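What follows is the residue order along each chain.
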Amino acid sequence: MTQEAYDIAFPDLAEAGRRKIAWADQQMPVLQQIRREFTTHQPLSGLRLAASLHVTAETANLLRTLRAGGAEVILCASDPLSTQDDIAASLVHDFEIPVFARRAESASAHYRQAQRVLDSHPQITLDDGATLIGELHKKRKHQLSELIGGTEETTTGTTRLQSMARHGTLQYPVIAVNEARTTRLSDHRYGTGQSTLDGLLRATNVLLAGKHLVLCGYGWSGKGIALRAKGMGAVVIIVEVNPVQALEAALDGFFVTNMAYAAELGEIFITATGDLNVIREEHFRVMKDGAILCNAGHFNSEIEIPALEEMATHKEEMRPGVMAYHTPHKTLYLLAEGRLINLTAAEGHPAAVMDMSFANQALSLAYLVKHQRDLGPRVYPVPPEIDGRVAILKLQAMGIKIDQPRIAIDG
Ligand SMILES: NC(=O)c1ccc[n+]([C@@H]2O[C@H](COP(=O)([O-])OP(=O)(O)OC[C@H]3O[C@@H](n4cnc5c(N)ncnc54)[C@H](O)[C@@H]3O)[C@@H](O)[C@H]2O)c1
């Protein structure tokens, strides 16, 4: 590949990147199986794919799979802060996949990289936050007729695309991968569950056993966090606004109460709701001295940080990512500035979690190509048969056999 064909920061890091990609790959058996099938059947033969995704080892394995399926693939970063320069180097050097991404590049450089990727005139886009599809619809309308379809990885991106579809401005079909059941199960429940506690423990090194841990939100992510915290001996207290979810938490054996009372009981607080100011000034006022607060939700607005700033006489960083807010009566500790604790203090989802998400991606892309004549410019869920297939492949990889329902067999 000529040097103009890519833009990366440190080509010399390719060997380190190659090893990381190989390590992640052995945790991704479903994607490996799909890669073998793609190599045989070539479902993406001759197509140009452009991706705006986190430049990580897991993404590298997805792109290898798409290449094996016959596609030309080109990559830019969906977020420059998550770009791993060694992975970018290995993709270029070892897998001949052009990458336009440098870690922590400026917003304008990041924008230019996306433009260079779109200059390749893709027929399919892969997005994590609707960047490429947004640019195509805003500034490159002349290219839209070349597009077969796209995929979107996040809730935020999907919401934006659904709004475009409602307003009749979306010009090609997109499959929303984040809504697959296997993705939600592995990503939200088990990925967020484990990595949130990983982030909490790496940041603080506290003993969870015996601690009163207040968890706000008993949805997909909250259930995973609650289960893991309980398993490590914490006394888990659930705060929920949805009565059915609150009932489920109570029937699952958790102590359920409102935020006002939970604030008095907790020693550790985790938010995972997607809501705003779930923990606020009135709660800080009744909390115990030494309470620890962190967030696993998408935005850093679940804990009312401005109120904490207002209450504090001074702040002090006790350990990396652990900020003490000293008030006249107590000290409260905020982790990772209230940002996603599992991404800031730990490493985000394990490769095994992304295995299922990216398996849904790969199979959805093959589906888009096969059904391109039948699909209109709308946002589609992952077809249930793909979701089911991913679950079957994962069970096979885990060596688990299951039975068929009798009613289907007996007619
Ligand atoms: N950290 C990660 O890697 C990661 C992964 C997946 C999702 N998320 C984020 O976590 C958040 C939750 O995602 P989810 O998939 O669990 O969503 P979900 O909709 O399944 O669950 C959210 C739950 O929070 C409850 N809730 C809303 N407002 C509340 C409040 N004020 N107090 C108490 N409970 C409240 C809702 O009733 C719901 O049960 C979102 O912001 C999502 O983007 C983060």
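Everything numeric here is computed off the predicted structure, so don't read it as measured data. Residue numbers run consecutively from 1 along every chain, following the written order of its sequence. Given that this is a predicted model, residues contribute local features only at a pLDDT of at least 70 and side-chain atom pairs are listed and counted only at 80 or more, while totals for whole chains, interfaces and linings are drawn from all residues.

Draft legend 1. Representation of the overall build of the chain. When helices and strands are tallied, the chain shows 17 helices and 15 strands. With C-alpha atoms as the basis for the radius of gyration, the globule rule is written as 2.2 Å multiplied by the number of residues raised to the power 0.38. Here the chain has a C-alpha radius of gyration of 23 Å; the compact-globule value for 411 residues is 22 Å, and the two agree. The principal-axis extents of the C-alpha atoms in the chain amount to approximately 65 × 60 × 45 Å. Put simply, of all contacts in the chain between residues at least 6 apart along the chain, 73% involve residues at least 24 apart. Secondary structure elements are taken from DSSP: a helix is a run of H or I of four residues or more, a strand is a run of E of two residues or more, and numbering for both begins at the N terminus. Contacts here follow a simple rule: the backbone-placed C-beta atoms of the two residues must lie within 7 Å.

Draft legend 2. Inspection of the packing of helix H15 (residues 351-370) against helix H16 (residues 384-397) at higher detail. Axis separation between H15 and H16 bottoms out at 10 Å; the angle between their running directions is 135 degrees. The orientation of H15 with respect to H16, classified from their angle, is oblique. Between H15 and H16 lies a crossing whose hand is right-handed. Counting all contacts with H15, which are made through Met356, Ala359, Asn360, Leu363, Ser364 and Tyr367, the residues of H16 involved are Ile386, Asp387, Arg389, Val390, Leu393 and Lys394. Under the grouping applied here, Gly and all other residues not named as nonpolar or charged are polar, the nonpolar ones being Ala, Val, Leu, Ile, Met, Phe, Trp, Tyr, Cys and Pro and the charged ones Asp, Glu, Lys and Arg. Class assignment of the residues belonging to the contact of H15 with H16 gives a composition of seven nonpolar, two polar and three charged. For helices, the fitted line uses only the C-alpha atoms of the stretch in contact; every axis is such a line through C-alpha atoms, and the angle between N-to-C directions lies from 0 to 180 degrees. Note on angle classes: values under 35 degrees are labelled roughly parallel, values over 145 roughly antiparallel, values of 65 to 115 roughly perpendicular, and the remainder oblique. Take the far helix as your reference; a near helix turned counterclockwise from it by less than a right angle gives a left-handed crossing, and one turned clockwise gives a right-handed crossing.

Draft legend 3. Region of the structure containing the pairing of strand S14 (residues 331-335). Exposure classes come from backbone-placed C-beta atoms, where a residue is buried if 20 or more other C-beta atoms lie within 10 Å of its own, exposed if 12 or fewer do, and partly exposed in between. Counting buried positions along S14 gives four out of five residues, so the element sits mostly inside the fold. DSSP-based pairing: two strands are paired if at least 2 bridges between them are found. Of the strand pairs in this sheet, strand S11 (residues 292-295) and S14 are connected by two bridges, and their pairing is parallel. In the strand pairing of S14, leucine 293 is matched with leucine 334. Examined bridge by bridge, strand S13 (residues 322-326) and S14 share five bridges and lie antiparallel to one another. The residue bridging methionine 323 from the neighbouring strand is leucine 334, located in S14. Counted between consecutive antiparallel strands, the loop separating S13 from S14 contains four residues.

Draft legend 4. The sheet that holds S14, seen in detail. The strand order across the open sheet formed by eight strands is S9-S8-S7-S10-S11-S14-S13-S12, and the pairing between neighbours is mixed. Every interior strand has two partners, whereas the edge strands, strand S9 (255-256) and strand S12 (314-319), have only one. With five bridges joining them, strand S7 (residues 212-216) and strand S8 (residues 235-239) adopt parallel strand pairing. Residue pairing in the sheet places cysteine 216 in a bridge with valine 239 of S8.

Draft legend 5. Structural context of unusual backbone geometry. Even without being a glycine, histidine 121 presents a positive backbone phi close to 50 degrees. On the neighbour-count criterion, histidine 121 (11 C-beta atoms within 10 Å) is exposed. Positive phi, normally seen in glycine, also occurs at asparagine 205, with a value near 55 degrees. Assessed through the 9 C-beta atoms surrounding it within 10 Å, asparagine 205 is described here as exposed.

Draft legend 6. Summary view of the environment of tyrosine 172. Looking at the secondary structure, you find tyrosine 172 in the loop between helix H7 (155-166) and strand S6 (174-176). Of the residues examined, tyrosine 172 has 23 C-beta atoms within 10 Å and is grouped as buried. For the pair tyrosine 172 and glycine 222, spaced 50 residues apart in the sequence, the C-alpha separation amounts to 34 Å. Setting aside residues up to four positions removed in sequence, tyrosine 172 forms contacts with Leu144, Leu147, Gly149, Gly150 and Pro377.

Draft legend 7. Expanded view of the site of the ligand. Near, as applied to residues and a molecule or strand, means the residue's backbone-placed C-beta atom lies within 6 Å of it. Not every one of the 25 residues close to the ligand is listed here, only the nearest: Gly217, Gly219, Ser221, Asp275 and His298. Broken down by secondary-structure element, the contributors of at least two residues to the shell around the ligand are helix H8 (181-204) and helix H9 (220-231). It is H9 that provides the largest number of residues to the shell around the ligand, a total of three residues. Among the residues forming the shell around the ligand, the class breakdown is nine nonpolar, 14 polar and two charged.

Draft legend 8. Layout of the domain arrangement of the chain. With domains assigned, the chain is organised as domain 1 (3-179 + 349-397) and domain 2 (192-344). Where each domain starts and ends follows an automatic or database-derived domain assignment. Spacing between the C-alpha centres of domain 1 and domain 2 amounts to 33 Å.

Draft legend 9. Seen up close, the sheet that holds strand S15 (residues 379-381). Read across the sheet, seven strands follow the order S3-S2-S1-S4-S5-S6-S15 without closing on themselves; strand pairing throughout is parallel. The open sheet terminates on both sides in strands that have one partner only, identified here as strand S3 (99-100) and S15. In this sheet, strand S2 (residues 72-77) lies alongside strand S1 (residues 48-53) in parallel orientation, the contact comprising six bridges. Paired with arginine 48 across the two strands is glutamate 72, which belongs to S2. The strands that helix H5 (residues 107-118) touches are S1, S2 and S3; relative to S2, the one it contacts most, it runs at about 170 degrees. Across the sheet, H15 touches strand S4 (124-127), strand S5 (149-152) and S6, and the angle it forms with S5 is around 160 degrees.

Draft legend 10. Quick peek at the packing of helix H1 (residues 14-25) against helix H3 (residues 57-68). At a minimum axis separation of 8 Å, H1 and H3 run at an interaxial angle of 80 degrees. Between H1 and H3, the angle falls in the class roughly perpendicular. Together, Lys20, Ile21, Ala24 and Asp25 of H1 and Ala57, Glu58, Ala60 and Asn61 of H3 make up the contact between the two elements. Residue classes in the contact of H1 with H3 are distributed as four nonpolar, one polar and three charged.

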